[in-house]
Amino acid sequence: MQPLNNDPIVAIATAPGRGGIGVVRISGTTLGPFIYALLGRNLVPRHATYLDFIDQNKQVIDQGIAIFFKQPNSYTGEDVLELQGHGGPAVLQQLLKRCLILGTDYRMRLAIPGEFTQRAFLNDKIDLAQAEAVADLIDATSEAAARAAVSSLSGEFSRHINTLATSIVHLRMLVEATLDFPEEEIEFLEKYQACNKLDAMIFGLEKIISQSRQGMVLREGLHVVFAGAPNAGKSSLLNALTGQDLAIVTDIAGTTRDKVSQVIHLQGVPITIIDTAGLRDTNDTIESIGISRTWAEIEKADVVLHLIDATNPAFELDNKIEVKRARQSRVLQVFNKQDLLTDSSHVPNDAISISAKTGAGLAVLKNKLLEIAGWNPGQESPWLARQRHIDSLEQSRMHLLLAQVHAAENDRVLDLFAEELRLAHECLGQITGKMTADDLLGEIFSSFCIGK
């Protein structure tokens, strides 16, 4: 993300394509003169005004509603103008062009991805965790994920982080005040129950970590690749799990030439399933390309679901798939067509036996995928979380545990105790953005859509 300035910015805030309503959003420190030049009138803040949108030739572009939000009572903390018209691409582009031409005198420019939300963060309207929740809410693919994203956006996650951070700061103040009176160190630890308070902080932090791991699973889910020999039943299993006829199923080997992808939700957790071409030696050029893509998908997978025909399990390329076990433990053996078996003694104990045709064993398979993802069915996360949140929480816990060591009787060093508390506090600050490097901000906001 490029360095930003305080110039007014404008962008189409609604998704590309046709729709009943389209929104053009403008944000800047002082939009009053621009608004009058664009609309020929001043607007009452937070009141909807129905009017014509006129181009430079006095021709009507569209009829719609203009709403002005006066700083600081706006999304970005600056003056914000929203022009709500009809959602046709041509209409919105004309309206955007008109704003940019007229805005030349005010140094107005097109917003870059995430710039509106970044300005909201920089103007203290939201913290960094809430800003990320904006993108997560837009990307949510299940009701559970959307609820958790709304919770994060409302500040639920941040409140837990800030409460813990406040406790750490309070203990830091007591410790650092005592450093000037070394003869009272032991009395301090006992009088203020420093060790008990530290234990409570660690307990609270571990609870936040557990809930955040659930939130990360809910946000990221699993990338599952079906791999195996032709006619092992990969396409049938895809259709069975999704409840749709997405993949063509025949007895002819090599029917699937390219990957078929679909997202399903198990207890709100998004599972991206990739059905791939069957692995075999072939002289067919097109099928060979599909097989090469299968191996590429296997390398990228979170979980390789190794599907095996239980009626004919001997297949030399199966060993190549199992090599993944040496590099990645998430290779799940699934023996299909159990409905055709009279003897299942050759199915390994750690494998799952199913029938894509009858649905037998599918519930076990789904639960296993959730287990691999780390999902706890009895604990729905109250917020979404990202890997960077988990990393910061883990680092904070490490520093609190070290502080615990320095507070112990056999290694009581209060200056190190205070330093570890400081580092633990900094790690929590990275989550909400109170202590965050600029390059991380650029990486986070550049992933947003334009106009948000």
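Residues numbered from 1 in each chain as written. Predicted model: local features only at pLDDT ≥ 70, side-chain atom pairs only at ≥ 80, totals over all residues. Heavy atoms only, no water.

> It is not clear to me how the confidence of the model for the chain should be interpreted in this structure. Could you clarify?
A low pLDDT means the predicted coordinates there should not be read in detail. Considering every residue of the chain, the mean pLDDT works out to 81; 77% of them sit at 70 or more. When pLDDT is averaged over each helix and strand of the chain, the minimum, 46, is found for helix α12 (residues 324-327) and the maximum, 96, for strand β5 (residues 79-85). (pLDDT = per-residue confidence, 0-100. Helix = DSSP H or I, 4+ residues; strand = E, 2+ residues; numbered from the N terminus.)

> Would you explain helix α15 (residues 414-432) in this entry?
Spacing of three or four residues puts side chains on the same side of an α-helix, whose turn is 3.6 residues. For α15, with 19 residues, the first-to-last C-alpha span of 28 Å sits near the 27 Å given by 1.5 Å per residue. Those residues of α15 that fall on the buried side of the exposure criterion are Leu414, Phe417, Ala418, Glu420, Leu421, Ala424, His425, Cys427, Leu428, Gly429, Ile431 and Thr432. Backbone geometry just downstream of α15 places Gly433 in the positive-phi region, at approximately 95°. (Expected span 1.5 Å × (residues − 1). Buried < 20%, exposed > 50% of the residue type's maximum accessible area, 1.4 Å probe, protein only.)

> Help me out: how do you make sense of the sheet that holds strand β2 (residues 22-28) in this one?
Adjacent strands of a sheet form backbone hydrogen bonds with each other and so pair up, either parallel or antiparallel. One open sheet accounts for 6 strands, arranged β3-β4-β5-β2-β1-β6; its pairing is mixed. A single partner strand is all that each edge strand has here, and the edge strands are β3 (48-54) and β6 (109-110). Alignment of β2 against β5, held across 7 bridges, turns out to be antiparallel. If you follow Ser27 over to β5, its bridge partner there is Val80. (Pairing = 2+ DSSP bridges.)

> Please clarify how the pattern of salt bridges should be interpreted in this entry.
Side chains that differ in charge, positive against negative, can pair when their charged atoms come close. All chains considered together, the criterion is met by 18 salt bridges. Of the charged contacts, one joins Arg388 and Glu132 as a salt bridge, the two residues approaching to 2.7 Å between their closest N and O atoms. Within this pair, whereas Arg388 is found in helix α14 (residues 387-407), its partner Glu132 is found in helix α4 (residues 128-139), the two being separated by 256 residues in sequence. A cluster of three or more residues bridged by salt bridges with shared partners is formed by Glu78, Arg109, Glu115 and Arg119. (Salt bridge = Lys/Arg side-chain N within 4 Å of Asp/Glu carboxyl O.)

> Mind showing me how you'd approach the packing of α4 against helix α5 (residues 143-153) here?
At their nearest, the axes of α4 and α5 sit 8 Å apart, and the two run at 155° to each other. Here α4 is positioned roughly antiparallel relative to α5, judged by the angle of their axes. Between α4 and α5 lies a crossing of left-handed hand. When α4 is examined against α5, the residues Gln130, Ala133, Val134, Asp136 and Leu137 are found in contact with a partner set consisting of Ala146, Ala149, Val150, Ser152 and Leu153. A class-by-class count of the residues in the contact of α4 with α5 yields 7 nonpolar, 2 polar and 1 charged. (Axes fitted to C-alpha atoms, helices over the stretch in contact; angles between N-to-C directions. Parallel < 35°, antiparallel > 145°, perpendicular 65-115°, else oblique. Left-handed = near helix turned anticlockwise from the far one by under 90°. Contact = heavy atoms within 4.5 Å. Nonpolar A, V, L, I, M, F, W, Y, C, P; charged D, E, K, R; others polar.)

> How should the side chain of Asp62 be read in this particular structure?
Along the polypeptide, Asp62 turns up in strand β4 (residues 60-69). Despite being buried, Asp62 has no salt bridge partner; Arg98 is the closest side chain of opposite charge, sitting 14 Å away. A polar contact is formed between the side chain of Asp62 and the backbone nitrogen of His86, at a distance of 2.8 Å. Residues contacting Asp62, with those up to four places away along its chain left out, are Leu51, Asp52, Phe53, Gly85, His86 and Val91. (Lys, Arg positive; Asp, Glu negative; His and termini not counted. Polar contact = N/O pair within 3.5 Å; in protein donor to acceptor, adjacent residues only side chain to side chain.)

> Any chance you could explain unusual backbone geometry here in plain terms?
Note that the residue after Gln71, namely Pro72, is joined by a cis bond; omega there is 5°. Note that Pro72 resides in the loop between β4 and β5. Here Lys58, not a glycine, exhibits a phi torsion of approximately 65°, which is positive. With respect to the secondary-structure elements, Lys58 resides in the loop between β3 and β4. Despite not being glycine, Asp124 has its phi angle at roughly 60°, a positive value. Note on placement: Asp124 falls in the loop between α3 (115-122) and α4. For Asp124, a relative accessible area of 70% puts it in the exposed group.

> Before we go on, may I ask you to explain the sheet that holds strand β11 (residues 331-336) in this structure?
Read across the sheet, 6 strands follow the order β8-β9-β7-β10-β11-β12 without closing on themselves; strand pairing throughout is mixed. Strands with a single pairing partner mark the edges of an open sheet, and in this sheet they are β8 (260-266) and β12 (352-353). Pairing geometry for β11 and β12, over 2 bridges, is parallel. When the bridges of β12 are listed, Phe335 appears paired with Ser353. Sitting on the sheet, helix α8 (residues 194-220) touches β7 (222-228) and β9 (269-275), and the angle it makes with β9 is about 40°. Contacts from helix α9 (residues 234-242) reach β7, β8, β9 and β10 (303-309), with the element oriented near 145° to β7.

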